[in-house]
Amino acid sequence: MFMTPDFIMSGDTCSVPRKRKITNNRNKIGDDMGKRARSCPLASLSLDNSKVKQLSYNPLILGDFSLSKDGCNTYLGKASIPLIKSNVTLPIDLNIGFESWKDTFSIGTLDSLLHWICQNKFSLANVNLITYRGLLKKIAITKVDPYKNHWCMRLSKVGCTVLMDEIETDQKKESKLSETHQQKKFVFYGHQFEESILNQIDKPVENNVVVTSKIGGTRCIFAAEVDGKFDTGQIVELKTHKVMQNSYHREDFRKNKLMNTFMQCFLVGIENAYFGFRDRHGFVRELRNFEISSIEDDCKKYWDRGILLSMLSNVLSWSIPLISDDKVYHMSFLGGDHINLEIVENVSYVPDWFTEYAKSPIHECDN
């Protein structure tokens, strides 16, 4: 068994959860997650012991795909990333359409990314992890945002490669149930801002790029949703934020909003984030482009890229060697000072068609 000083293995007083009835119901798994997380885990990683390393990072975009935005996440094939309009008239009313809008967001599965991998006959021989960018970002900011950023990841291994998707935490469920009318508006404002400044060809779709990168010693393939691009072809991240009226607003913006934006862009290699600053009535009064390299310089007082990337590298290098074939694990951070890993199923959830692909001889491990 792979071991480092940074985590604690289970002992005589801590047993692996008993095998329970197999279910593919993600909600059922999520309902049980909080209860299991309070039991003794298979392994724990202390946030206090996470090492800061000097890591290089060079993402490469391999391709893209699109999904329908109707709540079904239907795989549509190649992406068609829309251009940002060359002329945008201010102010932009972000309230238009809110009353008839329905939030179709749901925690997605990896099926679309797995479909892309099979369709493009991509070799998994040197790939340690398949996941989504959002999950990598959540892990990276764990140490700097331990109160709001609770998460639970589901992991399973097929062939040489670990798959990681997300399980909804109790914190997230409670947040949804208690969401106010104004909070729902803030979510809608982001969608409306995109529709207002992008040249949409047809019905809006979710466009994703597929990225490969090495995070420390972990070779990853992950998908990342992208919003639009400049006429130069450069992909750009779109964001909205309230108009900042005092030093407290500006400090909070640098400490939180720009940290999250930076990690979203940095992981993919996106060089620009385009912000619409809205007043309290939901009207965008200012448009401003931020270069990702300048964000890092401007915010070094509040957070450091090296710490964020090291956190991500440490968690991946700790957890991935512990994942065995044909089992399902939950890795979770629910506050406190430890990340926990536990076995929850004795049969993999990975689709049979992808298991067959991943276990073919062309994907044999090189080690």
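The structure this text deals with has already been given above.
Summarised in this report is the structure supplied together with it.

Reading the values: the criteria
- Residues numbered from 1 in each chain as written.
- Predicted model: local features only at pLDDT ≥ 70, side-chain atom pairs only at ≥ 80, totals over all residues.
- Heavy atoms only, no water.
- Helix = DSSP H or I, 4+ residues; strand = E, 2+ residues; numbered from the N terminus.
- Areas by Shrake-Rupley, 256 points an atom, 1.4 Å probe, with all protein chains shown as cover.
- Axes fitted to C-alpha atoms, helices over the stretch in contact; angles between N-to-C directions.
- Parallel < 35°, antiparallel > 145°, perpendicular 65-115°, else oblique.
- Left-handed = near helix turned anticlockwise from the far one by under 90°.
- Contact = heavy atoms within 4.5 Å.
- Salt bridge = Lys/Arg side-chain N within 4 Å of Asp/Glu carboxyl O.
- Buried < 20%, exposed > 50% of the residue type's maximum accessible area, 1.4 Å probe, protein only.
- Pairing = 2+ DSSP bridges.
- Core = buried A, V, L, I, M, F, W, Y, C linked by side-chain atoms within 4.5 Å.

The subject of this paragraph is the overall build of the chain. Along the chain, the regular secondary structure elements total nine helices and 16 strands. Counting every atom, the chain has about 18,600 Å² of accessible surface; 48% of that belongs to carbon and sulfur.

Right, let's talk about the packing of helix α3 (residues 133-140) against helix α6 (residues 247-268) for a bit. What describes two packed helices is the angle between their axes and the distance between those same axes. For the pair α3 and α6, interaxial distance at closest approach is 10 Å and the crossing angle is 125°. Taken together, the axis directions place α3 and α6 in an arrangement best described as oblique. Remark: the crossing between α3 and α6 carries right-handed chirality. Residues R133, L136, K137 and A140 of α3 lie in contact with α6, whose contacting residues are N260, M263, Q264, L267 and V268.

This part covers the pattern of salt bridges. Summed over all chains, the structure comprises 10 salt bridges. Of the charged contacts, one joins R154 and D165 as a salt bridge, the two residues approaching to 2.9 Å between their closest N and O atoms. Note that R154 is positioned in strand β7 (residues 151-158) and D165 in strand β8 (residues 161-167), a separation of 11 residues in sequence. Note that K359 is salt-bridged to D326, the shortest N-O span being 4.0 Å. Note that K359 is positioned in the segment after α9 (352-358) and D326 in the loop between α8 (305-319) and β15 (328-333), a separation of 33 residues in sequence. Looking at K359, the relative accessible area reads 45%, which means it is partly exposed.

Here the focus is the side chain of R133. Within the secondary structure, R133 sits in helix α3. Residues contacting R133, with those up to four places away along its chain left out, are F222, A223, A224, E225, E237, Q264, L267, V268 and I270.

So, about the sheet that holds strand β5 (residues 92-93). Strand order in this open sheet of five strands is β5-β14-β13-β12-β11, and the pairing throughout is mixed. This sheet does not close on itself; its edge strands, each paired only once, are β5 and β11 (228-229). Direction of pairing for strand β13 (residues 272-278) relative to strand β14 (residues 283-291): antiparallel, over a ladder of seven bridges. Bridge pairing in β14 places N272 opposite E291. Together, β5, β12 (235-242), β13 and β14 form the strand contacts of helix α5 (residues 181-197), whose direction differs from that of β12 by roughly 135°.

What follows covers α3. Two residues of an α-helix separated by three or four positions point the same way, owing to the 3.6 residues in each turn. Burial analysis of α3 places six of its eight residues in the buried class, the great majority of the element. The complete set of buried residues in α3 reads R133, L135, L136, K137, I139 and A140.

With that settled, consider the side chain of T240. Structurally, T240 is set in strand β12. Residue classification places T240 among the buried residues on the basis of a relative accessible area of 11%. Look past the residues within four positions of T240 in its chain and what remains in contact with it is L94, Y189, G190, F193, K257, F275, G276 and R278.

Right, let's talk about the nonpolar core for a bit. If you look at the biggest cluster of nonpolar residues, it comprises 84 residues, and the most contacted ones within it are L113, I117, M331, I339 and F354. Residue contributions to this core peak at nine residues, all from α6. Look past the residues within four positions of F354 in its chain and what remains in contact with it is L114, I117, C118, L124, I130, V158 and L163.

Next up on the list: unusual backbone geometry. Of the consecutive residues L90 and P91, the connecting peptide bond is found in the cis state with omega at 0°. Here P91 is to be found in the loop between β4 (75-77) and β5. For K121, which is not glycine, the phi dihedral falls at a positive 50°. In this fold, K121 is placed in the loop between α2 (111-119) and β6 (129-132). Despite not being glycine, D326 has its phi angle at roughly 60°, a positive value.

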